[in-house]
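Results of the structural survey
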Amino acid sequence: MTLYQPFLDAAIALMKNRLDLQSYPIPEGFELKEATVGKGKNQDEVVTTSYAFSSPKLRQIRAAHVQGGNSLQVLNFVIFPQLNFDLPFFGADLVTLPGGHLIALDMQPLFGGDADYQAKYTAPIEQIFQTHQPHLPWGGDFPEEAKQFFSPAFLWTRPKETEVVETRVFAAFKDYLSAYLDLVDRAEPVTDSAKLDSILQAQLRYLRYRAEKDPARGMFKRFYGEEWTEEYIHGFLFDLERKLPQAATIGK
Ligand code: DBV
């Protein structure tokens with residue numbers, strides 16, 4: 001069992017329990033992708049598998065799981081709400097590279113600068129953040145321009161020990177996802193057209209940033225080539241623009 005498989009299994013089990021989960025299409029050629037990397041005894045298979053679902057309030061729930069041996073494991077898991085809800089995104093970037101572990105876990109705000117919004121969506125997870133943060137210290141340097149996309153409950157950490165990932169990070173991941181599903185339960189659809197437009201603009205801002213700055217782009221290009229990588233990023237990982245305008249008609 002690889003490092004992040006239990007995270008993926010737990011997330012899917014929890015969501016099956018709590019959501020009316022439907023399947024979401026994964027473009028052909030992206031469900032499973034393999035490459036052989038390295039030479040001689042450093043040779044390894046890198047396998048990337050993709051998962052996707054939707055629910056009545058959540059437009060796309062998707063995960064990319066990269067498995068390439070002990071020093072290359074990634075689970076990137078993001079939930080994009082329907083455009084008629086002002087819910088934050090659920091964002092988890094769990095990364096293990098030869099240099100160590102890098103963990104980003106958050107409910108990423110649509111309107112990071114808005115105090116009322118932060119109160120509505122960060123206050124409910126403040127307690128969970130306080131529980132986990134002492135064991136998962138701040139991971140340091142962080143792209144300045146990315147800050148607007150994170151909440152005050154952002155867990156950003158670089159654990160030295162794999163055991164910390166297996167225990168503390170795993171616990172935090174399950175707590176954050178469970179708290180997110182509580183927010184989803186309570187969420188009411190937005191009907192005001194100005195508000196709907198601001199949600200659409202905020203989703204596009206987030207999505208364009210992530211697609212443009214995807215830190216995995218270099219890795220994917222090396223493994224699977226440029227064409228596959230760009231199509232994976234824009235056609236699956238961050239697909240909202242491709243899904244417009246249908247996605248924007250929901251609730252209207
Ligand atoms: N990151 C993704 C996707 C990945 C992925 C879709 C499927 O958004 C993996 C794979 N993240 C990934 C990898 C690395 C990072 C790093 C492979 C290591 C890159 C490398 O060192 O070569 C949070 N992820 C990071 C970093 C941050 C994040 C801050 C360090 C980047 C750096 O050092 O430049 N998650 C990431 C992020 C946002 C987010 C920037 C912004 C909204 O949600």
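Refer to the structure printed above.
Residues numbered from 1 in each chain as written. Predicted model: local features only at pLDDT ≥ 70, side-chain atom pairs only at ≥ 80, totals over all residues. Heavy atoms only, no water.

**A look at helix H2 (residues 115–132)**
Along its length, H2 shows its largest kink, about 50°, at Thr122, and proline Pro124 lies within four residues downstream of that point. When we look at burial in H2, the residues that qualify are Tyr117, Gln118, Tyr121, Thr122, Ile125, Ile128, Phe129 and His132. For H2, the elements touching its buried residues are strand E7 (100–108), strand E8 (155–157) and helix H3 (162–186). Sitting at the head of H2, Asp114 places a side-chain oxygen 2.9 Å from the backbone nitrogen of Asp116. (Bend = angle between axes of the 7 residues up to and from the residue. Helix = DSSP H or I, 4+ residues; strand = E, 2+ residues; numbered from the N terminus. Buried < 20%, exposed > 50% of the residue type's maximum accessible area, 1.4 Å probe, protein only. Contact = heavy atoms within 4.5 Å. Polar contact = N/O pair within 3.5 Å; in protein donor to acceptor, adjacent residues only side chain to side chain.)

**With respect to the environment of Ala104**
Relative to the helices and strands, Ala104 resides in strand E7. We classify Ala104 as buried; its relative accessible area is 10%. Separated by 22 residues in sequence, Ala104 and Glu126 have C-alpha atoms that sit 16 Å apart.

**Concerning the site of the ligand**
Taken together, 21 residues form the shell around the ligand, and within it Asn76, Asp93, Gln108, Arg210 and Asp214 come nearest. Side-chain polar atom of Gln108 to an oxygen atom of the ligand: 3.3 Å apart, as the coordinates give it. Residue Arg210 places a side-chain N or O atom 2.5 Å away from an oxygen atom belonging to the ligand. In isolation the ligand has 860 Å² of accessible area, and contact with the protein removes 79% of it. Within the residue set of the shell around the ligand, elements represented by two or more residues are strand E4 (58–67), strand E5 (73–81), strand E6 (89–97), E7 and helix H5 (217–224). (Near = heavy atom within 4 Å. Areas by Shrake-Rupley, 256 points an atom, 1.4 Å probe, with all protein chains shown as cover.)

**Here's the deal with the pairing of E6**
Here E6 lies mainly inside the structure; eight of its nine residues are buried. Direction of pairing for E5 relative to E6: antiparallel, over a ladder of seven bridges. Residue pairing in the sheet places Val74 in a bridge with Val95 of E6. Direction of pairing for E6 relative to E7: antiparallel, over a ladder of nine bridges. Its bridge partner lying in E7, Val95 is registered against Leu102. (Pairing = 2+ DSSP bridges.)

**Re the side chain of Asn76**
Here Asn76 shows up in strand E5. Within the structure, Asn76 has its side chain in polar contact with the side chain of Arg62 (distance 2.9 Å).

**Some points on helix H4 (residues 193–213)**
Under the 1.5 Å per step criterion, the end-to-end length of H4 is 30 Å for 21 residues, consistent within 8% with the ideal 30 Å. Here H4 has its buried residues at Leu196, Ile199, Leu200, Ala202, Gln203, Leu204, Tyr206, Leu207, Tyr209, Arg210 and Ala211. Of the residues flanking the start of H4, the one acting as N-cap is Asp192, its side-chain oxygen 3.3 Å from the backbone nitrogen of Ala194. (Expected span 1.5 Å × (residues − 1).)

**Some thoughts on the packing of aromatic side chains**
Evaluation of the coordinates by the stated rule reveals 31 aromatic pairs. Between the aromatic rings of Phe77 and Phe90, the centroid separation amounts to 5.6 Å while the plane-to-plane angle is 65°, which identifies the pairing as edge-to-face. Remark: Phe90 occurs in strand E6 and Phe77 occurs in strand E5; sequence separation between them is 13 residues. Its relative accessible area of 0% is what places Phe90 among the buried residues. By way of ring pairs, the aromatic residues Tyr4, Phe7, Phe77, Phe90, Phe170, Phe173 and Tyr180 are connected into one cluster. Cation over ring: Arg62 sits above Phe238, and NZ or CZ is 5.1 Å from the ring centre. (Phe/Tyr/Trp six-rings, centres within 6.5 Å; stacked < 30°, edge-to-face > 60°. Lys NZ or Arg CZ within 6 Å of the ring centre and 35° of its normal.)

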